[in-house]
Amino acid sequence: MEDENNKKGTPIVALCTVFNSISYVCLEQRITNVFTCVMTTSQEKVIRKDDDGVYDKCFVVVGEMNTVRELPKRRVRPPKIKMPRAAAPNHFFAVRISDCQIIQAVHNVHSTILEQEPVLKQTLVPPSTLHITLAVAHLSTTEDVVKANQVLQESVRDFSARLQSPQLDIHLAQMGHFNNKVIYARIKEESDGAEHLNHLWKSLRDGCQTAGISLIDGDRFTPHVTLLKISKDPRLRRKGIKAVASHLYEKHLDCVFGRQVVESVQLLSMTDPKDDEGYYALKGEFHFVESVPRLELIDDVSEKCTSSTLNSLKSHDAGFEPDNDRD
């Protein structure tokens, strides 16, 4: 008789427990599910797990009358969907800063900061890597690098026709900052150099868009030469240092860094090993006028730093962490 009731799916009364001579009864349609009974002073909760091990229903047996009441179904949170992270930048277009007067001025700024706050040493950008970033991208394949060089070549060719000169003069004067987390040397806004850099940036941006190369922060451009960057040393955040106090560099706010003669635009790698001078790995370079030898473009006003000059600042660079940032 009992077997017939089970086959028909009729309710089965299961004895859960006995407490203080009062019997509590859990009612369910199928005894194959797992029951867990939790005792309280006035009631008993019976929680049922489904086949996947997820809590499904909760019944409460109240008082001596064994009244059964079904509680609302426990909400099961859906699994979190991890959004894909944006590809990290690994290449950038830039012009190199190599003028000796500028590098010496940067060295002076660094020295002033370190004399007051030695803990900021790892945030300083080594003078051997000074540059102006024009655009940043993630190039995942060799084909992407080839495509980026094609864009760079076309942009430089068009820019050369506009420039009508084998070189571009950039004047650096005064200091600026981004929320005191990045300290940089400014490009004189009233100079032709600032206008030319903006035109070159737009040409690269449009060329990359046409070629299907996605630029990171490609909708904005503030030409500058980064001197210090807090994010280069993650340990500072744990020490509570999130920005640079402005008084550390205020004596150099109106510094005239000097003039840089630019003859070419480069495609550089952030991740490949740096060269013997400590500069970024070069993936492509195109000159404004290819037929003009590089050394003939340098005049007496702007002196390019040689390897020996950079080596004289080795003591200043000692202890710097590799700078893989684009700024």
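In every chain, residue numbers begin from 1 and rise along the written sequence. Owing to the predicted nature of the model, reporting of local features is limited to residues with pLDDT of at least 70; listing and counting of side-chain atom pairs is limited to 80 or more, with chain, interface and lining totals taken over all residues. Side-chain numbers come from the whole structure's heavy atoms, not from hydrogens or water.

Digging into the packing of helix α3 (residues 142-163) against helix α4 (residues 192-211)
- Two elements in contact, α3 and α4, have axes whose closest approach is 9 Å; the angle formed by their N-to-C orientations is 145 degrees. The handedness of the crossing between α3 and α4 comes out as right-handed. In this structure, α3 uses Lys147, Val151, Leu152, Ser155, Phe159, Arg162 and Leu163 to contact α4, whose residues at the interface are Glu195, His196, His199, Leu200, Ser203, Leu204, Gly207, Cys208 and Ala211.
- For the contact of α3 with α4, the class distribution of residues is eight nonpolar, five polar and three charged. Only the contacting stretch of a helix is used when fitting its axis, a line to C-alpha atoms as for every element, and angles between N-to-C directions run 0 to 180 degrees. Under the scheme used here, helices are H or I runs from DSSP no shorter than 4 residues and strands are E runs no shorter than 2 residues, and both carry numbers assigned from the N terminus. In this scheme the crossing of two helices becomes right-handed for a clockwise turn of the near helix relative to the far one and left-handed for an anticlockwise turn of less than a right angle. Throughout, a contact is declared for two residues whenever any of their heavy atoms are within 4.5 Å. Three classes are used, and their members are as follows: Ala, Val, Leu, Ile, Met, Phe, Trp, Tyr, Cys and Pro are nonpolar, Asp, Glu, Lys and Arg are charged, and the others, Gly among them, are polar.

A look at the pattern of salt bridges
- Whenever a carboxyl oxygen of Asp or Glu lies within 4 Å of a side-chain nitrogen of Lys or Arg, that contact is scored as a salt bridge. Per the stated rule, a full pass over the model turns up eight salt bridges.
- Close ionic contact of Arg220 with Asp217 constitutes a salt bridge, the shortest N to O distance being 3.6 Å.
- Residue classification places Arg220 among the exposed positions, given a relative accessible area of 61%.
- Among the salt bridges present, the one from Lys283 reaches Asp272, with a minimum N-O distance of 2.6 Å. Here the residue Lys283 occupies a position in strand β15 (residues 281-287), and Asp272 occupies one in the loop between β14 (264-269) and β15, the gap between them amounting to 11 residues.
- Take Asp272: its relative accessible area is 29%, and that puts it in the partly exposed class. Note on exposure labels: buried denotes an accessible area under 20% of the residue type's maximum, exposed denotes more than 50%, and partly exposed covers the range between, all computed with a 1.4 Å probe on protein chains only.

Notes on unusual backbone geometry
- Not every positive phi belongs to a glycine, and Gln174 is a case in point at roughly 75 degrees.
- The phi dihedral of Asn179 is positive, around 55 degrees, even though this residue is not glycine.
- Its location among the elements puts Asn179 in the loop between β9 (168-178) and β10 (182-187).
- Judged by relative accessible area, which is 65%, Asn179 ranks as exposed.

Focus: the environment of Phe288
- Position of Phe288 among the secondary structure elements: in the loop between β15 and α6 (307-311).
- Accessibility expressed as a relative area gives 5% for Phe288, which makes it buried.
- Considering only alpha carbons, one finds Phe288 and Arg157, 131 residues apart in sequence, at a separation of 6.8 Å.
- Apart from residues lying up to four places away in sequence, Phe288 is in contact with Val156, Phe159, Ser160, Leu163, Ser165, Pro166, Gln167, Leu168, Val262, Glu263, Ser264 and Val265.

Remarks on the side chain of Thr112
- Along the chain, Thr112 falls in helix α2 (residues 100-116).
- Residue class for Thr112 comes out buried when judged on its relative accessible area of 10%.
- In protein, a polar contact requires one atom able to donate a hydrogen and another able to accept it; more generally it is a pair of N or O atoms within 3.5 Å, and residues adjacent in sequence count only if both atoms are side-chain atoms. One polar contact links Thr112 to His252, side chain to side chain, over a distance of 2.8 Å.

Details of the sheet that holds β15
- When DSSP finds two or more bridges between two strands, those strands count as paired. In space, the five strands of this open sheet follow the order β11-β8-β7-β14-β15, with antiparallel pairing throughout. Of all strands in the sheet, those bounded by a partner on one side alone are β11 (215-216) and β15.
- As paired strands, strand β7 (residues 91-96) and β14 are joined by four bridges and run antiparallel to one another. The residue bridging Phe93 from the neighbouring strand is Leu267, located in β14.
- Contacts from α3 reach β7, β14 and β15 within the one sheet, and its direction differs from that of β15 by about 30 degrees.

Considerations on α3
- Expected helix span is taken as 1.5 Å per residue step, with the number of steps being one fewer than the number of residues. Taking 1.5 Å per residue as the helical rise, α3 with its 22 residues ought to reach 32 Å, and the 31 Å between its terminal C-alpha atoms agrees with that figure.
- Among the residues making up α3, those that are buried are Asp144, Val145, Ala148, Asn149, Val151, Leu152, Ser155, Val156, Phe159, Ser160 and Leu163. Along the axis of α3, the buried positions cluster into a sector of 170 degrees, meaning they face one direction only. Of the exposed residues in α3, the ones pointing more than 90 degrees away from its buried face are Glu143 and Ala161.
- In the stretch just after α3, Gln164 is the one whose phi turns positive, near 55 degrees. Each direction from the helix axis to a C-beta atom contributes to the arc, which is the arc of those directions.

Some points on the pairing of β10
- Burial within β10 is extensive, with five of its six residues counted as buried.
- The pairing of β9 with β10 spans five bridges and is classified as antiparallel. Directly across from Phe178, in β10, lies its bridge partner Val182.
- The antiparallel pairing of β9 with β10 creates a hairpin that spans three residues between the two strands, and Asn179 there sits at a positive phi of about 55 degrees.
- Sheet analysis places β10 next to strand β12 (residues 224-229), joined by five bridges and oriented antiparallel. Bridging from a neighbouring strand, Ala185 pairs with Val225 of β12.

Overview of the nonpolar core
- Phe93, Leu134, Leu227 and Phe257 are the most contacted members of the largest nonpolar core, which has 56 residues in total.
- The contact partners of Leu134, leaving out residues within four places of it in the chain, are Phe93, Ala94, Val95, Leu197, Leu200, Trp201, Leu204, Phe221 and Val265.
- If you look at the next biggest cluster of nonpolar residues, it comprises seven residues, including Val136, Met270, Tyr279 and Tyr280. Only buried Ala, Val, Leu, Ile, Met, Phe, Trp, Tyr and Cys residues count toward a nonpolar core, and they belong to the same one when joined by side-chain atoms within 4.5 Å.

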